[in-house]
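Observations on the model geometry
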Amino acid sequence: MSAEGDRPPLLAATGLSKSYRQRRWGRVVFRVAALADVDLELHAGRTTALVGASGSGKSTLGRCLALLEAPDAGRVLLRGRDLVGAPRPQRRAAHREIQLIFQDAAGALNPRFTAVRAVAEPLEIAARGGRRERRELALETMRLVGLPAAWAERRPLELSGGQRQRLAIARALVLEPRVLVLDEAFSGLDLSVQAQIVNLLQELQQRLRLAMLLISHDFSLVGYLADEVAVLDGGRVIERGAPAALFARPRHPRTAQLVAATPLLTVGEGAG
Amino acid sequence: MIGRLVLRRAAAGLLLLLGVSVFGFLLAELVPGDPFDPGRLEGRDPAAIELLRARYGLDRPLPQRYLRWVSLTVRGDLGYSLSFDRPVAEILRVRARNTLLLTGIAVPMAWLLALVAGIWAASRRGRWGRTAFAGATSLLLAVPDLVLALGLLLVAVQSGLLPTGGLRSLDFEALGPLEKARDLAAHLVLPAAALVLSLAPRLARYVQASVAEVLAAPFVDALRAAGIPRRRLLLRYVLPAAGNPLASLVGFSVASLLSASLLVEIVMSWPGLGPALLDAILARDVHLVIGAVLVSTLLLVAGNLIADLLIYALDPRIRSE
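Residues numbered from 1 in each chain as written. Chains lettered and ligands numbered in written order. Predicted model: local features only at pLDDT ≥ 70, side-chain atom pairs only at ≥ 80, totals over all residues.

When its secondary structure is counted, chain B shows 12 helices and two strands. Listing each helix as α and each strand as β along chain B from the N terminus yields α-α-α-β-β-α-α-α-α-α-α-α-α-α. Its C-alpha atoms give chain B principal-axis dimensions of roughly 80 × 55 × 40 Å. Of all 321 residues assigned to chain B, the portion counted as buried reaches 34%. Pairs at least 24 residues apart make up 73% of the contacts formed inside chain B by residues separated by at least 6 positions. (Helix = DSSP H or I, 4+ residues; strand = E, 2+ residues; numbered from the N terminus. Buried ≥ 20, exposed ≤ 12 C-beta atoms within 10 Å, placed from the backbone. Contact = placed C-beta atoms within 7 Å.)

Next up, the structure:
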């Protein structure tokens, strides 16, 4: 953090708050704060991890950063420019720089589209290139994530979980984003596939200077991949720091609980 | 590929028709008396009645009669209607055409309304739009079709703006072609409106549910992350993805409209299959009853076939199999 402290962040959230309300007959009967005054910075070429118990607001933060949900208060700044209140065309352009990879790759891919079409679709939406160019670029991006052209005409259901996740990554990368939000993107995968995709992402991060937000339960993965960790609890960031230090000497009792509940941590440091 | 699908469905439809005809025959058999019962046909020439009895083989046992009826039916002779004093096929041809005219207008209109309202309601993020949608559809669903039809009739009578029954005005034959079309359209408004109002809320609920479900799918988030405008998202991606369950509803919509039109046709005296079936049942006009039921079944089978073809056209996954 301190090394990057002088440089302006690529994407930053300041004072982000979001609550979900349930109403009955117009009255709010239930209200839960998903995010309360959260600050977070993502830097080019670096990985920030977001950990916390279920319901702590991790995914909401990821979705707010990816502009998929509007915060009640606070700002999302891309290169210092606020996106929350920005006019729609500007938001749309910013959208393309921030891509999300979901836990459920099967659901994240339109089951009706073939692999190559799924990857080419964002290009079509962004009105980039002609049909043939888009297809070429899609195939190239698929190669980049290790999906051979022979798989181009398969549909998601004809692919394995790991291949689907690769496809989702290819789709996210095809627009050449600057920021990747990985929302539990590895949880459904077995360890060898996980390792392949993690290596792939690391490689891509170095090559493309991607800023990554890693939302994960898996502390060993976080320890391996992240440069900085933020711990979320009840919608607040209760602690942040370098993963090794934070896991070894948690200061906040909730962090200590989380760490204690994760038996894998002991092998975490050596897992890579 | 598509040919085999049609063939398979057609074969299944044929089997269904066969089953319905057997069932119809058995039910008709349970009704006491027969259509050529001399007691019910006073004043008619007994020799002619005997001729008809022989022609339809009413003196023979049931299985034989059934087979005979089938062999006549496949040749297009559905028997003779005593209450209308005409061949059944002739009556049904006109009646089915009228019912088709009515449902052929009501089904697309109901779908159009349901799609617009359902998509609108599903894409509302605020509460008021959804509450209004839920309220309006619940209200319409709660009103029985009969009350709806009578209410529309009442409005028409009070306002005097629209004809309140029948297919055409008394002076229809004297009108020019354009006026004929206008006269027919005016007569269509009330029964079509009754059918649309009974069917559209049901369909709109389905549309809303399946569109909302697709909107919540992660792949929609992925599209939004590519910066897609909302209208394009809804029409190009969400609607086709929500289309499968909806396309299978097309068959259901034809079926429920056929049964609703039975009632609406009777209330609004639209000369379709509905009143014919009612008259036939009351007059124990067995051949006409079975004929009307068969034609309804045929329309139903056709509706489902259209639904299957729609799914085939809409879903690339089925096409590539």
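Next up on the list: the overall build of chain A. Per the secondary structure count, chain A includes 11 helices and 10 strands. Each of the three principal axes of chain A carries a C-alpha extent, and together these read 55 × 50 × 45 Å. Sorting the 272 residues of chain A into buried and exposed places 44% on the buried side. In chain A, the proportion of contacts linking residues at least 24 apart, taken out of those at least 6 apart, comes to 68%.

The next subject is the nonpolar core. If you look at the biggest cluster of nonpolar residues, it comprises 152 residues, and the most contacted ones within it are Leu65(A), Val119(A), Leu214(A) and Ala292(B). Ranked by residue count, the leading element in this core is helix α9 (residues 230-267) of chain B, at 15 residues. (Core = buried A, V, L, I, M, F, W, Y, C linked by C-beta atoms within 7 Å.)

All names here are of chain A. Spatial ordering of the open sheet is given by β2-β1-β4-β5, a layout of four strands whose pairing is antiparallel. Across the chains shown, the open sheet's two edge strands, defined by having one partner strand only, are β2 (27-42) and β5 (81-82). Bridge analysis of strand β4 (residues 73-78) against β5 gives two bridges, and the strand direction is antiparallel. Paired with Leu-78 across the two strands is Arg-81, which belongs to β5. Across the sheet, helix α1 (residues 58-65) is in contact with β1 (11-24), β2 and β4; its angle to β1 comes to roughly 115 degrees. (Pairing = 2+ DSSP bridges. Axes fitted to C-alpha atoms, helices over the stretch in contact; angles between N-to-C directions.)

Here the focus is the sheet that holds strand β3 (residues 47-51) of chain A. Residue and element names in this part refer to chain A. The six strands lie next to each other as β6-β7-β8-β3-β9-β10, forming an open sheet whose pairing is mixed. The open sheet has two edge strands, β6 (98-101) and β10 (236-241), and neither has a second partner. Pairwise comparison of adjacent strand axes, ignoring direction, gives a mean angle of 20 degrees for this sheet. Looking at chain direction, strand β9 (residues 228-233) and β10 are connected through five bridges and run antiparallel.

All names here are of chain A. In the predicted model, chain A carries a mean pLDDT of 85, and the fraction of residues at 70 or more is 94%. At the low end of the mean pLDDT range in chain A sits helix α11 (residues 265-268), at 46; at the high end sits strand β8 (residues 211-215), at 94. With pLDDT under 50 throughout, residues 265-272 is counted as low confidence; its partners more than four residues away or in other chains account for 14 contacts. (pLDDT = per-residue confidence, 0-100.)

Here we take up helix α10 (residues 273-282) of chain B. All names here are of chain B. Considered for burial, the residues of α10 that qualify are Leu-273, Gly-274, Ala-276, Leu-277 and Ala-280. Along the axis of α10, the buried residues cluster in a sector spanning 165 degrees; they form a single face. Lining the buried residues of α10 we find α4 (88-123), α9 and α11 (286-314). After α10 finishes, the residue Arg-284 shows a positive phi value of roughly 50 degrees. (Arc of directions from axis to C-beta.)

Each partner contributes to the interface: chain A provides 23 residues, whereas chain B provides 18 residues. Counting only elements with at least two residues in the side of chain A that touches chain B, the list comes to α2 (88-95), β6, α3 (105-108) and α4 (115-125) of chain A. Looking at the side of chain A that touches chain B, the element that brings in the most residues is α2(A), giving three residues. Its residues assigned to classes, the side of chain A that touches chain B shows 12 nonpolar, four polar and seven charged. (Nonpolar A, V, L, I, M, F, W, Y, C, P; charged D, E, K, R; others polar.)

Residue and element names in this part refer to chain A. Between the first and last C-alpha of helix α5 (residues 131-144) there are 20 Å, a value that for 14 residues agrees with the 20 Å anticipated at 1.5 Å per step. Along α5, the residues classified as buried are Arg-134, Ala-138, Leu-139, Thr-141 and Met-142. Down the axis of α5, the sector holding all buried residues measures 160 degrees, keeping them to one side. Among the exposed residues of α5, those oriented more than 90 degrees off its buried face are Arg-132, Glu-133 and Arg-143. Buried residues along α5 sit against α4 and α6 (161-173). Once α5 finishes, Gly-146 follows within two positions and takes phi at roughly 85 degrees, a positive value. (Expected span 1.5 Å × (residues − 1).)

On to the environment of Gln22(A). All names here are of chain A. In this fold, Gln-22 is placed in strand β1. Overall, the presence of 10 C-beta atoms within 10 Å leaves Gln-22 in the exposed class. Residues Gln-22 and Ala-150, spaced 128 residues apart in sequence, show a C-alpha to C-alpha distance of 48 Å. Apart from residues no more than four positions distant in its own chain, Gln-22 is found in contact with Val-29 and Phe-30.

Time to look at the pairing of β4(A). All names here are of chain A. Pairing between β1 and β4: five bridges, direction antiparallel. Along β4, the bridge assignment pairs Ser-17 with Ala-73. The turn joining β4 and β5, which pair antiparallel and follow one another in sequence, is formed by two residues; a positive phi near 50 degrees is taken by Arg-79.

This part is about unusual backbone geometry. All names here are of chain A. The backbone phi angle of Arg-79 is positive, close to 50 degrees, even though this residue is not glycine. On the secondary structure map, Arg-79 appears in the loop between β4 and β5. In this model, Glu-184 sits at a positive phi of 50 degrees, which is unusual for a non-glycine residue. Mapped onto the elements of the fold, Glu-184 is located in the loop between β7 (179-183) and α7 (191-208).

Moving on, we come to the packing of α4(B) against α9(B). All names here are of chain B. The N-to-C vectors of α4 and α9 enclose an angle of 140 degrees; their axes lie 10 Å apart at closest approach. Between α4 and α9, the interaxial angle falls into the category oblique. Crossing of α4 over α9 shows right-handed handedness. On α9, the residues touching Thr-99, Leu-102, Thr-103, Ala-106, Val-107, Ala-110, Ile-119 and Ser-123 of α4 are Leu-234, Leu-239, Ser-253, Val-254, Leu-257, Leu-258 and Ser-261. (Parallel < 35°, antiparallel > 145°, perpendicular 65-115°, else oblique. Left-handed = near helix turned anticlockwise from the far one by under 90°.)

The next point concerns the confidence of the model for chain B. Residue and element names in this part refer to chain B. For chain B, the mean per-residue pLDDT works out to 84, and 95% of the residues sit at or above 70. The secondary structure element of chain B with the lowest average pLDDT is helix α12 (residues 316-320), at 72, and the one with the highest is α4, at 91. This prediction of the complex comes with two scores: 0.76 for pTM and 0.77 for ipTM.

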